[in-house]
Amino acid sequence: MLIPGIPRLLVLAFFLLLPFVGNLYLVNQFTLLLVYGMFAMSLSLLWGYVGLLCFGHAVFFGLGAYIMAMVTKQMIPGMDGILSSSLAGILAAVGFNALFALILGWFLFYGRLSGPYLGIVTLAISVLVERIFINWYYTGGYNGISSVPALSFAGWEFSDPRHLYLLVFVLSLCAYLFLRRVVNSPFGAIISAIKHNEARAESFGFHATKYKIKVFAIGASVAGLAGALFAAAAEFVSPTELGFKMSTEVLIWTALGGREGLIASFMGAVTVKLLENYLSEALSEYWVLIIGFIFLLSVIFFPQGLFGRLLENRNKGWSVTSPQRSKTKKEGRVC
Amino acid sequence: MLAGDGKPKHILEVNGLRKTFGGLTAVENLDLRLEYGELRCIIGPNGCGKTTLFNLITGNLKPTAGRVIFEGREITAWPVPEISRLGIYRKFQVPSVFEGLTVYENMRIPYFARMKPSILGRSSVSRNEHQEIMELLERVNLAGQAGELAGNLAHGQKQWLEIGMVLASRPRLMLLDEPTAGMTIAETKITADLVQEISESSNISVMVIEHDLGFVKEVARKITVMYKGSIFREGTYEEIQADKDIHDIYLGRHR
Ligand SMILES: Nc1ncnc2c1ncn2[C@@H]1O[C@H](COP(=O)(O)OP(=O)(O)O)[C@@H](O)[C@H]1O
Ligand SMILES: [Mg+2]
C-alpha cells in the first residue's frame, strides 16, 4: 500500500519540474491546464464538499476572465493607471465574483433551491450571461476580447512562458492550500455536516443557508481567479468561457477526477484537457461521445472518480486529537 | 406565570397550539406546561400528533395558531437554528446522524456550534472537549465505535449517538422522539436508565415521546397522554394505567 502523501507529492513535483524540462509548447499548454485545474477545484468545493451541484459554474470563470480582460485593456471607464494593472484585474475579478455570488446565493438558497433545481437555475444563469456577452458589442460580441495584456506585477512582466507558468503554478498551489484549509476548518466540518444532513445540522444551531451562501462565494471567487488567469494566459476571452459548454466541461472534469477531493478534481481537469488536446483532432466528433461515455461510466462505477482514492486521504486534516479510524470504512468523504 | 425570583416557573409553556395540514388537523388546542428539571413522557396512539408537537416547539413546523414560550420568552415560529441555540435540542424519530462522518466527527459538530467557526482555523476540539466527547461516548456505549462511520452503526446505536450529540449540545430542554424504537429489551432498559440518569444528574428538562410502556413506567413521574391532537390526560403511571378511557383509546387499541 502506498503512503498516502506520495501520489500528491508526485503531482506536486511533476508540475514544479515541468517548466525546466518541457519545451515552450508544453509549458504554454500546461499553464492553461493549471488554470482549468484551479477552476475544477473550486467546483469540487461546492459540489463535493457541500453538495451544491452547480451546473453553471462557468459563469464565474467567464466573468473573472472578462473582468480581467476589461480592466487590463482599460475598457472600464475611470479605471486606468494602477487601476488597470494585472493585480487590479485579479482583485476586481475575485471581488466582483464574491459579491455576485453572495447576492445570487442569497436568492438561490433563501429561495430554498436545492438538488436538480439549483443545477437548472445556475445553468440558466450561465446561459443567460453567455447570451448577454454574445450580443454585447462593447466586449466584442461572439469573438470576445483578444490581445489581453500579459500579467505584470510592479513593472515585472511575465511574458516569458516559463515565468508565467511558475506564477500560475504558485497561485494554483495557493488556491489549493487555501481551499484545503477551508475544508479542514471548523467551517469545513460544518459544511460537511450540512451536506450530510441539513435538517440535523440546523437543529444543532447552524443556519445552513448562511453557510451555503458563504461557501458559494468562496467557490465563485476561486473560479474568478482561475478565469482572470485564463484571460491573461490565453490572451483572449470569449463567451464560450462563460456558458453552457464550459459549465458542463468543468462538471465532467470534476466528476471524472473525483469531486470529493481537491487534487483529484484538479487532476481530472488536467487529464481530460490533455487527452482532449491530443485526441480530439484524431477522433473529431467522436471525442465528445467518448468523453460523455467515460463520464457516465465513472458516475456509475467510480463515484469517487479516477483519482479519488489515489490522491485523497480522508484522515488527513481532521483533528490531531481525533482517534484512530477503523480500517473497515467503505466509503465516505475524502478531503 | 412568574415564580418569586422573577424566573418563569415553567421552562416550557405551550398555549392553544394548533396545526393543520390542508384539511387534516394534527394538533388541536393544545396546552402544556413543563417545569424546570422535569422528566415528562408523552404517549398516545400513532398519528395523534406527538411528533408534530415537537416540530412546532423546535420551529421545524410553523403553528397555525397558538404560542410556544421557552423560559418566559415567546419563540413561536422562530427559525430552527435560533431555537436550538436557546438550548432546545432534539432527537428525531428517525435517527438522524451524519451518516458519512465517523461517530467521533459526529460528536464534534455540537462543539463547533459553540465556537466562532473560523474559516481558516484547525478543525480540532480542545483537549478538554476531546475528553468530554470520550466521556459522553462512554455514557452512550459507543466509546469503542469512535472511529466507525455513523452510517454503519446499528439502528439502536444511532439512537444513542444522537442522544450523545444532543447531550454534547448542552441542552436546557431535551426532546426525545421515540428513543427506544428498534431496540432490544436490554437496550431499551439501558436507554431508560440513561435518560433517568441524565434527568437526575443534571438540570436538563426532558420530554420523551415513547411507545414502550416498560420504558414509560421506569422513567416518568408524569405522563401526558395525547389523543387526536390534544392532551387527553395527565397523570402518574399508576393513574394512567388505571384509567379505563386510556385503555380504550391507546392501550386497548394497540396491545
Ligand atoms: N409534514 C406533514 N404534512 C402533512 N401531514 C402531516 C405532516 N406531519 C404529520 N402529518 C400528519 O399529522 C398527523 C400527526 O402526525 P405525527 O405528529 O407524526 O403523529 P405521531 O408522532 O403522534 O405518531 C398524522 O396524521 C400525520 O399523517
Ligand atoms: Mg411520531
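Residues numbered from 1 in each chain as written. Chains lettered and ligands numbered in written order. Predicted model: local features only at pLDDT ≥ 70, side-chain atom pairs only at ≥ 80, totals over all residues. Heavy atoms only, no water.

Let's talk about the sheet that holds strand β6 (residues 88-91) of chain B
Residues and elements named next belong to chain B.
Move 1: In spatial order, the strands read β6-β7-β8-β3-β9-β10; together these 6 strands make up an open sheet with mixed pairing. Unpaired on one side and paired on the other, β6 and β10 (230-235) mark the two borders of the sheet. Sheet twist, expressed as the average angle between the axes of neighbouring strands with direction ignored, equals 20°.
Move 2: Of the pairings in the sheet, the one linking strand β3 (residues 39-43) to strand β9 (residues 222-227) comprises 4 bridges and is parallel in character. (Pairing = 2+ DSSP bridges. Helix = DSSP H or I, 4+ residues; strand = E, 2+ residues; numbered from the N terminus. Axes fitted to C-alpha atoms, helices over the stretch in contact; angles between N-to-C directions.)

Observations regarding the coordination of the magnesium ion (ligand 2)
Move 1: Donor atoms from the polypeptide that coordinate the magnesium ion (ligand 2) comprise Thr51 of chain B (OG1) and Gln93 of chain B (OE1), at 2.0 to 2.2 Å from the metal. Taken together, the residues Thr51 of chain B in helix α1 (residues 50-58) and Gln93 of chain B in the loop between β6 and α3 (103-114) connect sequence positions 42 residues apart. (Donors = N, O, S within 2.8 Å, 3.2 Å for Na, K, Ca; no water.)

Describing helix α12 (residues 286-301) of chain A
Residues and elements named next belong to chain A.
Move 1: In a regular helix each residue adds 1.5 Å, so 16 residues correspond to 22 Å; α12 covers 22 Å between its end C-alpha atoms and thus fits that length.
Move 2: Those residues of α12 that fall on the buried side of the exposure criterion are Trp287, Ile291 and Ser298. Buried residues along α12 cover an arc of 25° about the axis, so they all sit on one side. Along α12, the residues that are exposed and aim more than 90 degrees away from the buried face are Tyr286, Leu289, Phe293, Leu296, Ile300 and Phe301.
Move 3: Looking at the buried residues of α12, the elements they touch are α10 (244-257) and α11 (262-283). (Expected span 1.5 Å × (residues − 1). Buried < 20%, exposed > 50% of the residue type's maximum accessible area, 1.4 Å probe, protein only. Arc of directions from axis to C-beta. Contact = heavy atoms within 4.5 Å.)

A look at the pattern of salt bridges
Two side chains that carry opposite charge are able to pair once their charged atoms sit near each other.
Residue and element names in this part refer to chain A.
Move 1: Per the counting criterion, the structure on display carries 21 salt bridges over all chains.
Move 2: Across the pair Lys195 and Glu260 runs a salt bridge whose closest N-O atoms are separated by 2.9 Å. Of the two residues, Lys195 sits in helix α7 (residues 186-196) while Glu260 sits in the loop between α10 and α11, which places them 65 residues apart along the sequence.
Move 3: Two residues, Glu198 and Lys212, come together in a salt bridge whose shortest N-O distance is 2.9 Å. One end of the pair, Glu198, is in helix α8 (residues 198-203); the other, Lys212, is in helix α9 (residues 208-234), and 14 residues separate them in sequence. (Salt bridge = Lys/Arg side-chain N within 4 Å of Asp/Glu carboxyl O.)

Topic: the confidence of the model for chain B
Move 1: The predicted model of chain B has a mean per-residue pLDDT of 90, with 95% of residues at 70 or higher.
Move 2: ipTM for the predicted complex: 0.90, alongside a pTM of 0.88. (pLDDT = per-residue confidence, 0-100.)

Some remarks on the site of ligand 1
Residues and elements named next belong to chain B.
Move 1: Neighbouring ligand 1 are the residues Phe21, Leu24, Ala26, Asn46, Gly47, Cys48, Gly49, Lys50, Thr51 and Thr52.
Move 2: A distance of 2.8 Å separates an oxygen atom of ligand 1 from a polar atom in the backbone of Gly47.
Move 3: The side chain of Thr52 places a nitrogen or oxygen atom 2.5 Å from an oxygen atom of ligand 1.
Move 4: For ligand 1, the accessible surface in isolation is 560 Å², of which the surrounding protein chains cover 62%.
Move 5: Every element with two or more residues in the shell around ligand 1 is listed here: β2 (24-35) and α1.
Move 6: Ranked by residues supplied to the shell around ligand 1, first place goes to α1 with 3 residues.
Move 7: The class makeup of the residues in the shell around ligand 1 is 4 nonpolar, 5 polar and 1 charged. (Near = heavy atom within 4 Å. Polar contact = N/O pair within 3.5 Å; in protein donor to acceptor, adjacent residues only side chain to side chain. Areas by Shrake-Rupley, 256 points an atom, 1.4 Å probe, with all protein chains shown as cover. Nonpolar A, V, L, I, M, F, W, Y, C, P; charged D, E, K, R; others polar.)

Description of the pairing of strand β1 (residues 10-21) of chain B
In regular strands, side chains alternate between the two faces of the sheet.
Residues and elements named next belong to chain B.
Move 1: Bridge count for β1 against β2 is 8 bridges, and the pairing is antiparallel. By the bridge assignment for β2, Val14 is matched with Leu32.
Move 2: Across 5 bridges, β1 lies against strand β4 (residues 65-70) in antiparallel orientation. Opposite Glu13, over in β4, you have Ile69 as the bridge partner.

Comments concerning the environment of Val166 of chain B
All names here are of chain B.
Move 1: For Val166, the position within the fold is in helix α5 (residues 155-168).
Move 2: The exposure class of Val166 is buried, given its relative accessible area of 0%.
Move 3: Separated by 54 residues in sequence, Val166 and Phe112 place their C-alpha atoms 13 Å apart.

Description of helix α6 (residues 185-201) of chain B
All names here are of chain B.
Move 1: In a regular helix each residue adds 1.5 Å, so 17 residues correspond to 24 Å; α6 covers 24 Å between its end C-alpha atoms and thus fits that length.
Move 2: Considered for burial, the residues of α6 that qualify are Thr188, Thr191, Ala192, Leu194, Val195, Gln196, Ile198 and Ser199.
Move 3: Against β3, α4 (127-139), α5, β7 (173-177), β8 (205-209) and α7 (213-219) lie the buried residues of α6.

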